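Observations on the model geometry
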2 protein chains.
Amino acid sequence: MSDHASNDPAPRRGRPGYDQETVLRRAIDLFNRQGYDGTSMGDLAKELGLTKSAIYHHVPSKEHLLSAALDEALDGLTTAVDSAASAAPGASAHARLRTVVQESVVILAEHLPAVTLLLRVRGNSEIELAALERRRAIDDKLTSLVRAAVDEGALRSDIPPELISRLLFGMVNSLVEWYRPGGPVDVDVLASSVATLAFDGLAVHPS
Amino acid sequence: MSDHASNDPAPRRGRPGYDQETVLRRAIDLFNRQGYDGTSMGDLAKELGLTKSAIYHHVPSKEHLLSAALDEALDGLTTAVDSAASAAPGASAHARLRTVVQESVVILAEHLPAVTLLLRVRGNSEIELAALERRRAIDDKLTSLVRAAVDEGALRSDIPPELISRLLFGMVNSLVEWYRPGGPVDVDVLASSVATLAFDGLAVHPS
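It should be emphasised that the depicted structure is a prediction, and the values quoted were computed from it without experimental measurement.

1. A short note on the nonpolar core
Core analysis: the largest hydrophobic core is formed by 142 residues, its most contacted members being A:F199 and B:F199. When residues no more than four places from it in sequence are discounted, the contact partners of A:F199 are A:H94, A:L97, A:R98, A:V101, A:L155, B:G201, B:L202, B:A203 and B:H205.

Rendered as structure tokens:
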């Protein structure tokens, strides 16, 4: 478990050394297990086998770790939303939305612990409020994309775009409750299954 | 806020009295706001304006409240699953599944705080483990119903029934994140929108 980046301070004899990345991973897992508010820097030090003072060699504060974790999730989701628009500038809104849904599933699977933490944020601090603000900006872009797809006649118009957006990404986000990397469901199968269910529906229609 | 059931002990002068139902509602809200593990009987007493000893006139323990809340949610969801089967014994599995999806949305809306609490349960105690066991039994019934609908040729067979079931009820359960009774979205519109998206899909197909 001890893993040194070259720019880390050399660990003293008998004290495990960790690179920033490892500390962040272990912190995110601990926050998800016992809640961010219920986790102290002392708990994290214990988890890492460090003393309470040694943990501050690795990370300035608990807030710093939360901020890094939420940025990781939000950067991934923002890229998923923005890249679908720029990668295929001539594509229909419908095609771009379908790509965003699939990309979001992949991001969620690749950054599962960070996204799980993000989805539990309730706005209890400045950092959490800023994260909620970034989530809202992503949701607004998604709703605009849904509206554009409805307007071009590709999506049904009998459900309001805001509601479509909530249900669609509610389904995507619900994956954090059960999806585990390395489990029986492959991420690409998962991404295309979500898109198929949402856009084409489950029912078989006589053709 | 003071509301007496006839079998409640008469409150002493200056001490608010509550019926069991009101204590349970306030407890569930408090558990959802600050987490079950993070809430003490002292916190609940404070919330109700009671002394720490007076709260035990109303409720024997915190576990008792959790158990009542989880049973409320689980009884509602079990009824939704079972009633669709018995109400229309000759109906297709597809029709029954569509009814279960809509009924589940209604139950979730009607018992929103209790269902929210249920969906956060992680198995930290005997009561939570028993609730997870009941959830699993409901999930198994849902997956069987999905499988029956696939087998009768009404649902697509290119997504495994277990995955369909997880995605379908993941979408339903995600409603707890944003749906609020009395808000802009009517519960019947919500229930039929969820069913339409899931079974018929969002895409408009040239007919």
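Further notes follow.
2. Thoughts on the UniProt feature "DNA-binding region" (unreviewed entry) in chain A
Here, UniProt's "DNA-binding region" (unreviewed entry) annotation points to residues 40–59 of chain A. With 60% helix and 0% strand, the stretch residues 40–59 of chain A has end C-alpha atoms that lie 13 Å from each other.

3. Structural notes on the environment of A:T51
All names here are of chain A. Within the fold, T51 resides in the loop between α2 (41–48) and α3 (55–58). Taking relative accessible area as the criterion, T51 reaches 45% and is therefore assigned partly exposed. Along the chain, T51 and V204 lie 153 residues apart, while their C-alpha atoms are 60 Å from each other. At 3.1 Å, the side chain of T51 forms a polar contact with the backbone nitrogen of A54.

4. Comments concerning the interface of chain A and chain B
At the interface, 34 residues of chain A touch 34 residues of chain B. Contact with chain B buries surface across chain A, with A:R156, A:L167 and A:L202 losing the most and accounting together for 24% of the total. Where chain A packs against chain B, one counts two salt bridges. A salt bridge links B:R122 to A:E177; the shortest N-O distance between them is 3.2 Å. Where chain A packs against chain B, one counts 14 residue pairs in polar contact (both at pLDDT 80 or more).

5. A word on the relation of the copies chain A and chain B
Superposition of chain A onto chain B requires a rotation of 180 degrees combined with a translation of 0.0 Å along the rotation axis, giving an RMSD of 0.0 Å. What the rotation and shift describe, once combined, is the action of a two-fold rotation axis. In this assembly, 100% of the residues forming the interface of chain A have copies in chain B that are likewise at the interface, indicating an isologous arrangement.

The rules we used
- Residues numbered from 1 in each chain as written.
- Chains lettered and ligands numbered in written order.
- Predicted model: local features only at pLDDT ≥ 70, side-chain atom pairs only at ≥ 80, totals over all residues.
- Heavy atoms only, no water.
- Core = buried A, V, L, I, M, F, W, Y, C linked by side-chain atoms within 4.5 Å.
- Buried < 20%, exposed > 50% of the residue type's maximum accessible area, 1.4 Å probe, protein only.
- Contact = heavy atoms within 4.5 Å.
- UniProt positions renumbered as here; feature names shortened; annotations may be inferred.
- Helix = DSSP H or I, 4+ residues; strand = E, 2+ residues; numbered from the N terminus.
- Polar contact = N/O pair within 3.5 Å; in protein donor to acceptor, adjacent residues only side chain to side chain.
- Buried area = accessible area lost by both parts, 1.4 Å probe.
- Salt bridge = Lys/Arg side-chain N within 4 Å of Asp/Glu carboxyl O.
- Least-squares fit on C-alpha atoms with pLDDT ≥ 70 in both.

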